[in-house]
Amino acid sequence: MALGKEIRTWIDGAWHEGNIPIMGAADHGTWQGTLVFDGARTFEGVSPDLDLHSARIINSARSMGMEPPVGADEVEGLIREGIAKFSPDTALYLRPMMWSTEGSPAIIDARPESTAFAICIESLPMTQPGNFSLTVSPYRRPRQDTAMTEAKAACLYPNNGRIVSEAKSRGFTNALSLDLDGNVAETASTNVFMVRDGVVFTPVPNGTFLAGITRKRVIGLLRDDGVEVQEVSLTVEDFHQAEEIFLTGNASKTLPVTRFEDRELGFGPIAKRARALYWDFAHARAEAA
């Protein structure tokens, strides 16, 4: 599935134009699902936290029993090489991927040394704040003892997809998903924050969702700006009492939720501050470099 019209793909030591085939029909990752990826962004000439995204794919691969064929520095260097092949003002989605090509004699588990590596860079405009509605999904998130939740693994995303699909069928953009204990984990595609009485709350990491790089960055920026941020267990009722709800994630960085269920929220002051702080950080980091 191509996200953008302009694509560059790196595999086997070279860059290629377009959405080229990279996996074999018999690759272990093709039919056993041992594929991990990461996502980063270039926008307005900056690529915030690219080093952290490059490191995370290495950790994800190892979590799934693969041995990365490259290190984080090489991943970052190749991505920057690919970014340079686009116009400087193009917003990009940066996606390194690793998957196993061979299984062990037991077939199901990956042969660690068979890990393949590719990068796909696609043009993708940044989503701007607008109408974004949120509901509550009937589908739950797995725990770390039921799935590979510590990895950014492709095999986890069909569940996310049905969360979005079900929410859209009821007229919403996305949905809160709960863990198996009934606490809010995240949405289908982002980490989530809520504001009450001037305090920002976000679900405490408990192994049922990836505590994202942008999430961690926004928490730090808000705290440095004097905003109290608490990582705690949250219920759906907490979100019904929220004055603001906003999201963080790689694709859009920060976005406000303008409606939760049947209640209008708008674009609140703390959500606006979080977005401004992130943009300032991204550009300041680039200028410092």
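Scope of this entry: the structure provided in the associated data block.

Calculation notes
Residues numbered from 1 in each chain as written. Predicted model: local features only at pLDDT ≥ 70, side-chain atom pairs only at ≥ 80, totals over all residues. Heavy atoms only, no water. Helix = DSSP H or I, 4+ residues; strand = E, 2+ residues; numbered from the N terminus. Rg over C-alpha atoms; globule rule 2.2 N^0.38 Å. Buried < 20%, exposed > 50% of the residue type's maximum accessible area, 1.4 Å probe, protein only. Contact = heavy atoms within 4.5 Å. Areas by Shrake-Rupley, 256 points an atom, 1.4 Å probe, with all protein chains shown as cover. Lys, Arg positive; Asp, Glu negative; His and termini not counted. Charge placed at Lys NZ, Arg CZ, Asp CG, Glu CD. Salt bridge = Lys/Arg side-chain N within 4 Å of Asp/Glu carboxyl O. Pairing = 2+ DSSP bridges. Axes fitted to C-alpha atoms, helices over the stretch in contact; angles between N-to-C directions.

Let us now look at the overall build of the protein. The helix and strand inventory of the protein stands at seven helices and 16 strands. In terms of overall dimensions, the protein is globule-like: its C-alpha atoms have a radius of gyration of 19 Å, near the 19 Å expected for 289 residues. In terms of its C-alpha atoms, the protein occupies a principal-axis envelope of roughly 55 × 45 × 35 Å. Relative to its full complement of 289 residues, the protein shows a buried share of 54%. At a minimum sequence separation of 6, the contacts of the protein that also span at least 24 residues come to 69%. Approximately 12,900 Å² of the protein is accessible, and the part contributed by carbon and sulfur atoms is 52%. Each charge class in the protein was averaged separately, 28 positive and 38 negative side chains, and the resulting centres sit 3 Å apart.

For the rest of this paragraph, the subject is the pattern of salt bridges. All told, the structure shown has 15 salt bridges when counted by the stated rule. Across the pair Arg 56 and Asp 38 runs a salt bridge, and its minimum N-O distance is 2.6 Å. Remark: Asp 38 occurs in the loop between β3 (35-37) and β4 (40-42) and Arg 56 occurs in helix α2 (residues 50-63); sequence separation between them is 18 residues. Here Glu 122 makes a salt bridge to Arg 95, at a shortest N to O gap of 2.9 Å. On the criterion of sequence distance, the pair formed by Glu 122 in strand β6 (residues 115-123) and Arg 95 in strand β5 (residues 92-100) is long-range, its members being 27 residues apart. Arg 95 gets classed as buried once you look at its relative accessible area, which sits at 14%. One continuous salt-bridge network, built from bridges that share partners, spans Arg 215, Arg 223 and Glu 231.

Okay, the sheet that holds strand β10 (residues 191-196) next. Here we have five strands laid out as an open sheet, ordered β12-β11-β10-β13-β14, and mixed in their pairing. Only two strands of the sheet have a single neighbouring strand rather than two, namely β12 (229-232) and β14 (253-256). Geometrically, the sheet is characterised by an average inter-axis angle of 25° between neighbouring strands, direction not taken into account. Two elements, β10 and strand β11 (residues 199-203), share three bridges in a ladder whose sense is antiparallel. The residue of β11 that forms the bridge with Val 195 is Val 200.

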